[in-house]
Amino acid sequence: TEECPIRSVVNRVGHQLHKALSEKGIALLVNHGISEDKMKQLYGHLDDFCKLSDGTKETYLRKGETNHGYIKPGQERFDGKSKDLRHTFNICTLKAEGVLPDEPLPGFRDHVSDLATDFKRLSALLLQALAVGMELPYGYFIEKHRHILDGENENQSTFRLLYYPPLIEDDGKNELLRGTCKYSQQRCTKDEIDLTLPEDYRAQVREQQEQEEQEQQQQQQLVTRCGAHCDYGTFTLLAQDSEGGLEVKLPGTDRWKRVGHLPGAILINAGELLSTWTGEKICALQHRVIIPQEETIRTRGRHSLAFFVHPDNCISIAPIDLPTSSSSNSLDSEEKKTKGRKKSFKNAKSKIYNAYQHVQRRFKETYAS
């Protein structure tokens, strides 16, 4: 029988996607079918939300264990240290109970729902493509992601709107600290050189070390808008405007690499659960958003849309027993397979948890005061 068009696309994309995620933890998607104009319109809706009074915005705050709602600048600490300087609105369900600012911003819900549905469709195609690339049954991942955006009781997937405000020092609105430098000259009171250590020398050294650590933390706040972290779920789809600042640390390296901007393109990066499923053959991509050094860019806002794809809450997370190449049928390969199974079983015993438990643990770390 003739292959249907969608199945043909999935098969063509699958191996390319798997190769890119295995080697780099990230892939660039073009011709994905999501309108760039729709994304720009949603950036405008987010701008309008950020212009609302603080009191109005705070009626939509994320509360308790729920992830749905508004997050103020400074509430998140992805690297455990520096506060993230951005406005965020999380959408975890497209059902009516999901509180959205429709009253002060007519049309907000409809536009969010329309674009989130587009991202959900693209995610379904990519989940199928990923299974094909890993030589798993066509519906392997789809079956584990049946309830995307059906609500947090079913699934933790989130459509996230992000706005990073302009960074202008000394306006009283941003978490930026301007350093000062003091210089003093001291006259010697003796002709001889005194080589004895002051009684409080060790205390002075400790104080100096503590001061240097504080300065390093302040510098970290100056460098990043969003601290270094890996995403929690299966993978993330990211669209961003042209302002830049996204950096990634590719697998096997310690150097940060700037991610360029291609108009309309969407990035896909691997998350922690996909890394666990593949026995770390696909690594979760560490990434951050830095403050651009160019003054003209620093003083402009930055927008992005992130679609975090998670398995259903009840799905157990343990390494998959991935198929080996059909061309390897030697005794040596069989021995390696047996050892691999024993290792996977050992890893699985130490990593038996479900998707909900994993993301809740990460939330506690991110929002710890």
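Scoring rules and cut-offs
Residues numbered from 1 in each chain as written. Predicted model: local features only at pLDDT ≥ 70, side-chain atom pairs only at ≥ 80, totals over all residues. Heavy atoms only, no water. Helix = DSSP H or I, 4+ residues; strand = E, 2+ residues; numbered from the N terminus. Buried < 20%, exposed > 50% of the residue type's maximum accessible area, 1.4 Å probe, protein only. Pairing = 2+ DSSP bridges. Axes fitted to C-alpha atoms, helices over the stretch in contact; angles between N-to-C directions. 1 Å grid on protein atoms, 1.4 Å probe; cavity = no way out; pocket = protein on both sides within 12 Å on 5 of 7 lines; lining within 4 Å. Points joined across faces, edges and corners; volume = space filled by probe spheres on them. Nonpolar A, V, L, I, M, F, W, Y, C, P; charged D, E, K, R; others polar. Patch = residues over 30% accessible without salt bridge, like charges linked within 9 Å, V, L, I, M, F, W, Y side chains within 5 Å. Areas by Shrake-Rupley, 256 points an atom, 1.4 Å probe, with all protein chains shown as cover. Salt bridge = Lys/Arg side-chain N within 4 Å of Asp/Glu carboxyl O. Contact = heavy atoms within 4.5 Å. Core = buried A, V, L, I, M, F, W, Y, C linked by side-chain atoms within 4.5 Å. Expected span 1.5 Å × (residues − 1). Bend = angle between axes of the 7 residues up to and from the residue.

1. Quick look at the overall build of the protein
Next, step 1: Helix and strand counts for the protein stand at nine helices and 13 strands.
Next, step 2: Taking all 369 residues of the protein together, the buried fraction comes to 44%.

2. As for the sheet that holds strand β5 (residues 224-229)
Next, step 1: Taken together, the four strands give an open sheet; going across it, the order is β5-β10-β7-β8, and neighbouring strands pair in antiparallel fashion. In the strand order of this sheet, the two ends are held by β5 and β8 (256-258), each with one partner. Strand-to-strand twist of the sheet, defined as the mean angle between neighbouring strand axes without regard to direction, takes the value 25 degrees.
Next, step 2: Bridge count for β5 against strand β10 (residues 286-290) is three bridges, and the pairing is antiparallel. Across the sheet, the residue bridging to H229 is H287, located in β10.

3. Describing empty space enclosed by the protein
Next, step 1: Scanning the model with the defined rule gives two cavities of 30 Å³ or more in all.
Next, step 2: Roughly 390 Å³ of internal volume is contained in the largest cavity.
Next, step 3: Together, 31 residues line the largest cavity, and H229, D231, H287, A306 and F308 are the ones closest to its centre.
Next, step 4: When contributions to the lining of the largest cavity are tallied by element, the ones reaching two or more residues are β4 (158-164), β5, β6 (235-240), β9 (266-270), β10 and β11 (302-309).
Next, step 5: Looking at the lining of the largest cavity, its residues break down into 16 nonpolar, 10 polar and five charged.
Next, step 6: Taken as a whole, the second largest cavity spans an internal volume of roughly 50 Å³.
Next, step 7: In this structure, the second largest cavity is lined by L28, L238, Q240, G260, H261, L262, A265 and L267.
Next, step 8: Class assignment of the residues belonging to the lining of the second largest cavity gives a composition of five nonpolar, three polar and no charged.

4. Points about a nonpolar patch on the surface
Next, step 1: Residues L28, V30 and L262 make up a contiguous nonpolar surface patch of roughly 270 Å² in combined accessible area.
Next, step 2: Here L262 lies in the loop between β8 and β9.

5. Here we look at the pattern of salt bridges
Next, step 1: Counting across every chain of the model gives 12 salt bridges.
Next, step 2: As a salt-bridge pair, D54 and K57 come within 3.3 Å of each other at their nearest N and O atoms. Residue D54 and its partner K57 are located together in helix α3 (residues 54-58), separated by three residues, close to a single helical turn.
Next, step 3: When the shortest N-O distance is used, the salt bridge between E365 and R362 registers 3.2 Å. A residue pair is termed a helical-turn pair when its members lie 3 or 4 positions apart in one helix, as E365 and R362 do in helix α9 (residues 355-366) at three residues.

6. Observations regarding the environment of K120
Next, step 1: Its place among the elements puts K120 in helix α4 (residues 108-133).
Next, step 2: A C-alpha to C-alpha distance of 10.0 Å links K120 and F308, two positions 188 residues apart in sequence.
Next, step 3: Here K120 is in contact with I148, D150 and F307, once residues within four sequence places are set aside.

7. Description of the side chain of Q128
Next, step 1: Along the chain, the position of Q128 falls in helix α4.
Next, step 2: For Q128, a relative accessible area of 16% puts it in the buried group.
Next, step 3: Among residues more than four places away in sequence, those in contact with Q128 are V10, Y138 and I142.

8. Side note on the nonpolar core
Next, step 1: Ranked by size, the top nonpolar core spans 58 residues in total, and within it F119, F141, F159, L161, L237 and L305 carry the most contacts.
Next, step 2: In terms of residue count, α4 provides more of this core than any other element does, 12 residues in total.
Next, step 3: Of all hydrophobic cores here, the second largest spans 13 residues; its members include V248, V259, L267 and V289.

9. Some words on helix α1 (residues 5-24)
An α-helix turns once per 3.6 residues; consequently, residues spaced three or four apart project the same way.
Next, step 1: Helix length check: α1, at 20 residues, gives a terminal C-alpha distance of 28 Å against a target of 28 Å (1.5 Å per residue), a fit within 8%.
Next, step 2: If you look at α1, its biggest bend is around 30 degrees, right at V13.
Next, step 3: Of all the residues in α1, the buried ones are V10, G14, L17 and L21.
Next, step 4: For α1, the secondary structure elements touched by its buried residues are β1 (26-29), α4, β9 and α6 (272-277).
Next, step 5: Looking one or two residues past α1, G25 carries a phi angle of roughly 75 degrees, positive in sign.

10. Comments concerning the sheet that holds strand β3 (residues 87-91)
Next, step 1: Ordered in space as β1-β9-β6-β11-β4-β3-β2, the seven strands form an open sheet in which the pairing is antiparallel. Two strands in the sheet have a free side with no partner beyond their single neighbour: β1 and β2 (69-71). Strand-to-strand twist across the sheet, computed as the mean angle between neighbouring axes with direction ignored, equals 20 degrees.
Next, step 2: With four bridges connecting them, β6 and β9 associate as antiparallel partners. By the bridge assignment, T236 is partnered in β9 with N269.
Next, step 3: Along the sheet, helix α2 (residues 36-50) makes contact with β2, β3, β4, β6 and β11, crossing β4 at roughly 65 degrees.

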